[in-house]
Amino acid sequence: MRVKPIPEGMHSVTPHVVCAGAAEAIEFYKKAFGAVEGARLPGPDGKLMHAMIRIGDSAVMLVDFFF
């Protein structure tokens, strides 16, 4: 059985945004671009360790800056 190099529903390039305030960025993308939240993994301090949104048929990954 062959493994697909690109998972179903993804494109060949998926941006991963690292920012201060990823939760706020998600809300902005929802309002500005009609983004749909697909997943959210908060850390113990409330920062996001991982999140995924979809804008149209494209996925965008987000994470809070931790340093």
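Structural notes, computed from the coordinates.

### Side note on the sheet that holds strand S4 (residues 58–64)
And then number 1: The four strands are arranged S1-S4-S3-S2 in an open sheet whose pairing can be described as mixed. If you trace the sheet from one side to the other, it starts and ends with strand S1 (16–19) and strand S2 (36–42), each paired once. Strand-to-strand twist across the sheet, computed as the mean angle between neighbouring axes with direction ignored, equals 20°.
And then number 2: Here helix H1 (residues 22–33) sits on the sheet and contacts S1, S2, strand S3 (48–55) and S4; the angle it forms with S3, its principal contact strand, is near 5°.

### Comments concerning the pattern of salt bridges
And then number 1: Summed over the entire model, instances satisfying the criterion amount to five salt bridges.
And then number 2: Salt-bridge contacts for Arg40 lead to Glu27; the nearest nitrogen and oxygen are separated by 4.0 Å. In this pair, Arg40 is assigned in strand S2 and Glu27 in helix H1, connecting sequence segments 13 residues apart.
And then number 3: In this structure Arg40 comes out as partly exposed when scored by relative accessible area, which is 35%.
And then number 4: Ionic pairing is found between Glu37 and Lys30, a salt bridge with its closest N-O pair at 3.2 Å.
And then number 5: For Glu37, a relative accessible area of 28% puts it in the partly exposed group.
And then number 6: Lys30 gets classed as partly exposed once you look at its relative accessible area, which sits at 28%.

Parameters and conventions
- Residues numbered from 1 in each chain as written.
- Predicted model: local features only at pLDDT ≥ 70, side-chain atom pairs only at ≥ 80, totals over all residues.
- Heavy atoms only, no water.
- Pairing = 2+ DSSP bridges.
- Helix = DSSP H or I, 4+ residues; strand = E, 2+ residues; numbered from the N terminus.
- Axes fitted to C-alpha atoms, helices over the stretch in contact; angles between N-to-C directions.
- Contact = heavy atoms within 4.5 Å.
- Salt bridge = Lys/Arg side-chain N within 4 Å of Asp/Glu carboxyl O.
- Buried < 20%, exposed > 50% of the residue type's maximum accessible area, 1.4 Å probe, protein only.

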